[in-house]
Amino acid sequence: MAIRNKFSSLRTLLTVVLLAMVLLPTLAIGWVAYSVMFETIRSERIRDVGLVADSKHDQLVMMLTRSNITAEHFLSDFNVRCGGNTTKLNRLCATGLLKSYLAAEGAIGATLHGSGGSLTIGVAANDNNVRFQTGQLAKFSGTGPDNNRSYFISITNESTGYQMEVTYPSSALEPVFNPPPAELGLSGEAFLVDSAGYFVTKHRYDATQGHKHPISAHPMQSCLSKQSGEVLDLDYRDVKIIHGFRFIPEFGEACIMAHIDQDEAFAPLRLLQQRTFIAMFLFGILLVIATVYLARRIVKPVIKLTQVAHSIADGNYQAQADVEESNELAELAATFNHMTGRLHATQQQLMQNEAALKQLNLELERRVVERTRQLEAANEELESFNYSVAHDLRSPLRSIDGFSRVLSNKYHDQLDATGKDWLERVCRASQRMGCLIDDLLQLSQVARSTMMLEQVDLSKMAENVADDLRKISPERQVRFTLQQGLSVQADPGLLRAVMDNLLGNAYKFTGRKAVAEIEFGTCGIDQDDLSGVGRVSTRHDISMGGGVGLKPDLQSGIGEERVFFVRDNGEGFNMEYAHKLFGAFQRLHTIGEFEGTGIGLATVQRVIQRHNGRVWAEAAEGQGATFYFTLPQRERGKNEGHEGDK
Amino acid sequence: MKNSNHIILLVEDHPDDEELTRLAFKECKFANELVVVRDGQEALDYLFATGKYSGRDVCDQPQVVLLDLKLPKVDGLEVLHRIRADERTKCLPVVILTSSKQEQDMVAGYSLGANSYIQKPVDFNQFIDAVRQLGLYWLVLNETAVTCCK
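Just so you know, these numbers come straight off a predicted model, no measurement behind them.

**Student:** Help me out: how do you make sense of unusual backbone geometry in this one?
**Tutor:** Across the chain, the bulk of peptide bonds are trans and the bulk of non-glycine residues have phi less than zero. Residue and element names in this part refer to chain A. The omega angle of the peptide bond from N178 to P179 is -5 degrees, so this bond is cis rather than trans. Among the structural elements, P179 can be located in the loop between α3 (174-177) and β6 (189-194). For K226, which is not glycine, the phi torsion reads 65 degrees and is therefore positive. Mapped onto the elements of the fold, K226 is located in the loop between α4 (218-224) and β7 (229-234).

If you want it as structure tokens, here you go:
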């Protein structure tokens, strides 16, 4: 099919479009949500580590502050309890008090300075007369790879002038850092490092660093350069961790390090990643299935409609699209079904009409056959009528004429003049009747006989007729002017009837002229497609009346036609009666004036019509008449051409 | 064939025409005996000596037959056909003498072997002329073949 060019079908196209429309936004939103979530969890994890470091710092500061406050209280108490003499130290009292203080504090030594001298109990701070910086609460006794590390605090009572350093073992700090805080999970830990990068409190994992040589990790270096913060980096084990480091000014120079393995801290992220991918994958599959199903569902009615359309194209007008939904496509299908229904009905109607038409045609054919039969019968009847007229009508006339004459001859003496005249009238009447019958038969003959067209020399024919006419009344002075060399393609017998009648009429109606002038000739060629039509119709109106002899529609296409005329200087006639001229039995003169049956011109017209010509007349009373007739030029021209070649 | 008695056989159904023909013959002063038969069947009976003419000598044939075409029972063309079809009469001169000058009648008449075709004119004088010429030709000038009837 033509639709399958880029995409194999509408269904695939729909699937792709639907997929793209749902999948792309989902992917975008999913990715944004995922990355926001990822970032949130990640930064939360990092912040958590920082918070742990902060809390360890606070705990450490709190512990040191408490030790300082206790020491201050001790110094205030000391003057009261051991005599109040600042210049002379009561050593016994002092030793007793210090010992019990150290035991209560868990300290490992103390040194008391006063104006009355110094007293050291236990481990003395290795750094006498040390001045703490502002905010500093304690100081490590030395630094380096020493497992038995200690730190001391230094307090001065301004009113009594006593100063005291109290030394604690570094193990006193352990409760702050160990066990590792729960917030740092199973892999995390927090520990304290001194200013050189050596461990002060215990660490969780075995380490080569921090004992014999300082910890070299980057965060360590950052911290020792008095920075605090959180980073992702490697730890002393070269394991990826989240690092929270805090510089501790309260200890002079020290660092709290808190960390957790990235593996553990970011485990939720990996889980999120996995779940996201699985969800996306499942969603994708689901989406594909859904879109394919949807596309199928949408396209299905279209395919059905297409199939139905094909079916209709193949001529099955009863095909129906079966769509079970209730949407626009279903409406389309319903409309489609309606259309096919209408088509079917129309086709049925057409077929019925065709059948009816066939029936009608058969009926018509039957009628034509019937009419032809009737016509043939009528023709036969006419034939026998003619036969009967020819034989039977004349017979009584012969009797009338014959016996009248015999009577006139044999009983001549017994009849008076009137009787003889009457008998003469009877004879004339019967003879006229005889002529009438002959003319009628000729007219009928002219109408029915088969035409045999051949080259006819009209001039010669006119001459012969003229000769015959002259013999009728040799005493008459008649001048015939006959144009020579006129020939036409026509039936000679029929045309002879035309010439007989026209010249005969001319001869007859010039009977009262001293010198009769009768002319036969041609006016030349009349061309239909030139001015012919207008002229013809004018003539026709004047001379022919009700369309007698003229068939313009038949004329068209014939082309050239020649106009012939027969003119006389006889009685003529009133043009008012011209329309009656060519009707059978129509006469414009009385029998007394001129003899005739009134059939001659009807015969002329019939003959000319059968030759596809026209006939008309122009006349004026007492000024002669001119009869025109035309004959088509068609084949005659060719024949003449051939004759000319010979 | 014997035709010494110079009989003329007139086949004519109408008594008026018969009478006019007789008058015309009389006018022309032909003395031949005129035998008249009224229809085609009677004409055949006469010629072939059958029916009421049985016993007539078949070889005694008329000098000329004047045959009308429109006849009761057997029409003139049929009679002509039978005359020409029979050995005994095929040389018999037959002149069609009828009212019609219809082309088809003339063609049919000559095709069947008519010797002449004459239309009876309405004008009695013309009829007399025609009969005169007819008689002069067929009764006086014409020589009839005598070999037809054995």
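The discussion continues.
**Student:** Just to check I follow, could you spell out the interface of chain A and chain B for this structure?
**Tutor:** How large an interface is tends to be reported as the accessible area lost when its parts come together. Every contact between the two is made by 22 residues of chain A and, on the other side, 23 residues of chain B. The largest contributions to the chain A side of the interface with chain B come from Y387, H391 and R398 of chain A, which together make up 33% of the buried area. The interface formed by chain A and chain B holds two salt bridges in total. Across the pair R405 of chain A and D123 of chain B runs a salt bridge, and its minimum N-O distance is 3.5 Å. Where chain A touches chain B, the interface holds nine residue pairs in polar contact (both at pLDDT 80 or more). When residues of the side of chain A that touches chain B are traced back to their parent elements, those giving at least two are α7 (328-410) and α8 (417-448) of chain A. The greatest single-element share of the side of chain A that touches chain B, amounting to 17 residues, is contributed by α7 of chain A. When the residues that make up the side of chain A that touches chain B are grouped by side-chain class, the tally is six nonpolar, nine polar and seven charged.

**Student:** Looking at this structure, I do not really get a nonpolar patch on the surface. What am I missing?
**Tutor:** Residue and element names in this part refer to chain A. On the surface, L10, L13, V17, M21, V22 and F283 cluster together into a nonpolar patch covering about 460 Å² of accessible area. Top element by residues in the nonpolar patch is helix α1 (residues 10-81). It accounts for five residues. When its relative accessible area of 38% is taken as the criterion, V17 is described as partly exposed.

**Student:** How should the pairing of strand β4 (residues 94-98) of chain B be read in this particular structure?
**Tutor:** Strand residues, when the strand is regular, have side chains that alternate between the two faces of the sheet. All names here are of chain B. With five of five residues buried, β4 lies mostly within the body of the structure. On β4, burial covers both faces: V94, I96 and T98 on one face and V95 and L97 on the other are all buried. Pairing of strand β3 (residues 64-67) with β4 involves three bridges; the strand directions are parallel. When the sheet's bridge partners are listed, L66 is paired in β4 with V95. Following the chain from β3 across helix α3 (residues 76-85) to the adjacent parallel β4, one finds a crossover that is right-handed. Note: β4 against strand β5 (residues 116-119), four bridges, orientation parallel. Within β5, the position partnered with L97 by the bridge is I118. Chirality of the crossover, the property in question, places the unit of β4, helix α4 (residues 103-111) and β5 among those that are right-handed.

**Student:** What is the right way to look at the packing of helix α10 (residues 492-509) of chain A against helix α13 (residues 600-610) of chain A in this model?
**Tutor:** The description of two helices packed together rests on the angle between their axes and the distance between the axes. All names here are of chain A. Packing of α10 against α13 brings their axes to within 9 Å, and their N-to-C directions diverge by 140 degrees. Here α13 runs oblique to α10, going by the angle between their axes. The way α10 lies across α13 gives a crossing that is left-handed. Contacts between α10 and α13 involve L494, L495, A497, V498, N501, L502 and N505 from the former and G600, L601, T603, V604, V607, I608 and R610 from the latter. Broken down by class, the residue content of the contact of α10 with α13 amounts to nine nonpolar, four polar and one charged.

**Student:** Is there a simple way to think about the sheet that holds strand β4 (residues 150-156) of chain A in this case?
**Tutor:** Strands in a sheet are paired, the pairing made by backbone hydrogen bonds, and the direction either parallel or antiparallel. Residue and element names in this part refer to chain A. Strand order in the open sheet formed by five strands is β2-β1-β5-β4-β3, with antiparallel pairing between adjacent strands. With one partner strand each, in any of the chains shown, β2 (117-122) and β3 (139-140) form the two edges of the open sheet. The sheet contacts of α1 involve β1 (109-114), β4 and β5 (163-169), and relative to β4 the element is tilted by about 45 degrees. Where helix α2 (residues 91-105) meets the sheet, it contacts β1, β2 and β5, and its direction lies at approximately 40 degrees from that of β2.

**Student:** Teacher, can you tell me more about the packing of aromatic side chains here?
**Tutor:** In this description, a pair of aromatic rings is defined by centroid distance and the angle of the planes. Residue and element names in this part refer to chain A. Under the defined criterion, the tally for this structure stands at 22 aromatic pairs over all chains. Here the aromatic rings of F199 and Y236 are separated by 5.7 Å at their centres, their planes lie at 85 degrees, and the arrangement is edge-to-face. Here F199, found in the loop between β6 and α4, pairs with Y236, found in the loop between β7 and β8 (240-247); they are 37 residues apart in sequence, far enough to count as distant. Classification of F199 by relative accessible area gives buried; the value is 6%. A relative accessible area of 9% places Y236 in the buried class.

**Student:** Looking at this structure, how should I read the nonpolar core?
**Tutor:** Note on soluble globular proteins: their nonpolar side chains tend to be buried together. Residues and elements named next belong to chain A. Grouped together as the largest cluster of nonpolar side chains are 50 residues, with contacts concentrated most on F78, Y151, M164, V166, L192 and F251. Top contributing element to this core by residue count: α1, with eleven residues. With residues up to four places along the chain from it excluded, the contact list for F251 reads L60, L64, Q136, A138, K139, F140, Y151, L173 and L192. In this structure, V446, Y507, F520 and F629 belong to the second largest nonpolar core, which totals 42 residues.

Cut-offs used in this document
Residues numbered from 1 in each chain as written. Chains lettered and ligands numbered in written order. Predicted model: local features only at pLDDT ≥ 70, side-chain atom pairs only at ≥ 80, totals over all residues. Heavy atoms only, no water. Helix = DSSP H or I, 4+ residues; strand = E, 2+ residues; numbered from the N terminus. Contact = heavy atoms within 4.5 Å. Buried area = accessible area lost by both parts, 1.4 Å probe. Salt bridge = Lys/Arg side-chain N within 4 Å of Asp/Glu carboxyl O. Polar contact = N/O pair within 3.5 Å; in protein donor to acceptor, adjacent residues only side chain to side chain. Nonpolar A, V, L, I, M, F, W, Y, C, P; charged D, E, K, R; others polar. Patch = residues over 30% accessible without salt bridge, like charges linked within 9 Å, V, L, I, M, F, W, Y side chains within 5 Å. Areas by Shrake-Rupley, 256 points an atom, 1.4 Å probe, with all protein chains shown as cover. Buried < 20%, exposed > 50% of the residue type's maximum accessible area, 1.4 Å probe, protein only. Pairing = 2+ DSSP bridges. Right-handed = clockwise from strand over helix to strand, strands pointing away. Axes fitted to C-alpha atoms, helices over the stretch in contact; angles between N-to-C directions. Parallel < 35°, antiparallel > 145°, perpendicular 65-115°, else oblique. Left-handed = near helix turned anticlockwise from the far one by under 90°. Phe/Tyr/Trp six-rings, centres within 6.5 Å; stacked < 30°, edge-to-face > 60°. Core = buried A, V, L, I, M, F, W, Y, C linked by side-chain atoms within 4.5 Å.

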